[in-house]
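The chain contents come next:
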Amino acid sequence: MTPLKKIAAAFVVAQLAFGGVYASADTASAATDMASRLAGLLGDERSALSVVSDARKAQLTSLPPASERGIPTAPVVIYDTDFLDSLPVASGDTQWECLAEALYFEARGESVRGQFAVGEVILNRVESAAYPQSLCGVVKQGTGRKYACQFSYNCDGNPEVINEHAAWERAGKIAAILLEGAARDLTGGATHFHTRAVNPSWSRSFMRTTTIGAHHFYREPVRTAAN
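Source: prediction; values computed, not measured.

Draft legend 1. Inspection of the sheet that holds strand β3 (residues 215-219) at higher detail. An order of β1-β3-β2 is seen for the three strands of this open sheet, with the pairing classed as antiparallel. Taken across any chain shown, the strands that pair with only one partner, and hence form the sheet edges, are β1 (192-195) and β2 (207-212). In this sheet, adjacent strand axes meet at a mean angle of 25° when their direction is disregarded. Relative to β3, β1 runs antiparallel, the two sharing four bridges. Considered in β3, the bridge of phenylalanine 193 is made with phenylalanine 217.

Draft legend 2. Geometry of the nonpolar core. Ranked by internal contacts, the top residues of the largest apolar core, which has 39 residues, are Trp96, Leu99, Leu103, Phe116, Val118, Ile122 and Phe217. Listed by contribution, the elements that provide at least two residues to this core are α4 (81-85), α5 (94-107), α6 (112-126), α7 (135-140) and α8 (165-179).

Draft legend 3. Broad picture of the side chain of glutamate 101. Note on placement: glutamate 101 falls in helix α5. For glutamate 101, a relative accessible area of 16% puts it in the buried group. With residues near it in sequence (within four places) discarded, glutamate 101 still touches Lys140, Tyr153, Asn154 and Trp168.

Draft legend 4. Focus on the state of the cysteines. For the structure on display, the rule yields two disulfides. Shown here is the disulfide that connects cysteine 98 with cysteine 136, its sulfur atoms set 2.0 Å apart. Taking the sign of the S-S torsion, 95° for the link of cysteine 98 and cysteine 136, the bridge is right-handed. Taken together, the residues cysteine 98 in helix α5 and cysteine 136 in helix α7 connect sequence positions 38 residues apart. According to the relative accessible area criterion, cysteine 136 is buried, its value standing at 13%. Note that cysteine 149 is cross-linked by a disulfide to cysteine 155, the S-S spacing being 1.4 Å. Disulfide cysteine 149 to cysteine 155: torsion about the S-S bond roughly 45°, handedness right-handed. Take cysteine 149: its relative accessible area is 18%, and that puts it in the buried class. When the cysteines of the protein that form disulfides are numbered from the N-terminus onward, they connect as 1-2, 3-4.

About the cut-offs
- Residues numbered from 1 in each chain as written.
- Predicted model: local features only at pLDDT ≥ 70, side-chain atom pairs only at ≥ 80, totals over all residues.
- Heavy atoms only, no water.
- Pairing = 2+ DSSP bridges.
- Helix = DSSP H or I, 4+ residues; strand = E, 2+ residues; numbered from the N terminus.
- Axes fitted to C-alpha atoms, helices over the stretch in contact; angles between N-to-C directions.
- Core = buried A, V, L, I, M, F, W, Y, C linked by side-chain atoms within 4.5 Å.
- Buried < 20%, exposed > 50% of the residue type's maximum accessible area, 1.4 Å probe, protein only.
- Contact = heavy atoms within 4.5 Å.
- Disulfide = S-S within 2.5 Å.

Rendered as structure tokens:
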């Protein structure tokens, strides 16, 4: 029996089971008749679709963009100043401001890629149980204690004054993009960085993941009960 006849037969049997058909017509004959009708309908449908272009068919059958279906998507990032300058000025809450401030004072002289990399380190720390669980907590950790600052600008004795407006705007945009969920794939999960001009003791035991601009990036070893 062809697939169409099987479908038709199943339809007829269902009707009989639920009382939809009370006549004692031969099931095979009814199935054949139903298959013929279905074949006719499918033929008409194929004829109608034959005049529709492939592009239009693809448009009709494709899913709407993820954003229209309520599915969150990571923002597209191009690591250059032209891309950043094309974006509207960013703003945000206190956590955004702490991240933007750290990017400005720690990395404004770096390339766009280098600034994103520093931002990744900060966000990686927030997600680590070894550090404070907020952006401001991570950025301000150790402030006020000698040699305890995690980010040097907090302990260099200089006031945090923003004099470079364009650099501040870019830092703010980078912070906003990172907070919107941009992929963090520049530093290999790094939680530490330092400039090439220094050689901190921890750098000899941490795994260096990459070097971007003036900074080396490292991932802290995973601590277990055995070590």
